[in-house]
Amino acid sequence: MTTLIKIEQLNSEEGKNIITRNLSRILDLRILDIDVINKTISLVYNNPFVLDKVKTELGRVGYPFQNTPLL
């Protein structure tokens, strides 16, 4: 599955690096793109539970998302 997540707090390259580092720990996930200008993260994953891990991890590092993914 491909998902696009909107992260309102994403506004710098430092934030992009933090998100990349922390989401890279989730093995069943591939980051396609992190767009600072549009404040979006594009992900590919197979298991729907991976999205729960992503939500938990992003909240833990200060980049929560409340809405459902855009795609």
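The rules behind these values
Residues numbered from 1 in each chain as written. Predicted model: local features only at pLDDT ≥ 70, side-chain atom pairs only at ≥ 80, totals over all residues. Heavy atoms only, no water. Pairing = 2+ DSSP bridges. Helix = DSSP H or I, 4+ residues; strand = E, 2+ residues; numbered from the N terminus. Axes fitted to C-alpha atoms, helices over the stretch in contact; angles between N-to-C directions. Contact = heavy atoms within 4.5 Å.

**Observations regarding the sheet that holds strand β2 (residues 29–35)**
Alright, step 1. The three strands are arranged β1-β3-β2 in an open sheet whose pairing can be described as antiparallel. Of all the strands in the sheet, just β1 (2–6) and β2 have a single pairing partner and so form its edges. Within the sheet, the average angular offset between the axes of one strand and its neighbour, ignoring direction, is 20°.
Alright, step 2. Across five bridges, the pairing between β1 and strand β3 (residues 40–45) is antiparallel. Counterpart to L4 in the pairing with β3 is S42.
Alright, step 3. The sheet contacts of helix α1 (residues 13–23) involve β2 and β3, and relative to β2 the element is tilted by about 175°.
Alright, step 4. Running at roughly 145° to β3, helix α2 (residues 49–60) makes contact with β1, β2 and β3 of the sheet.

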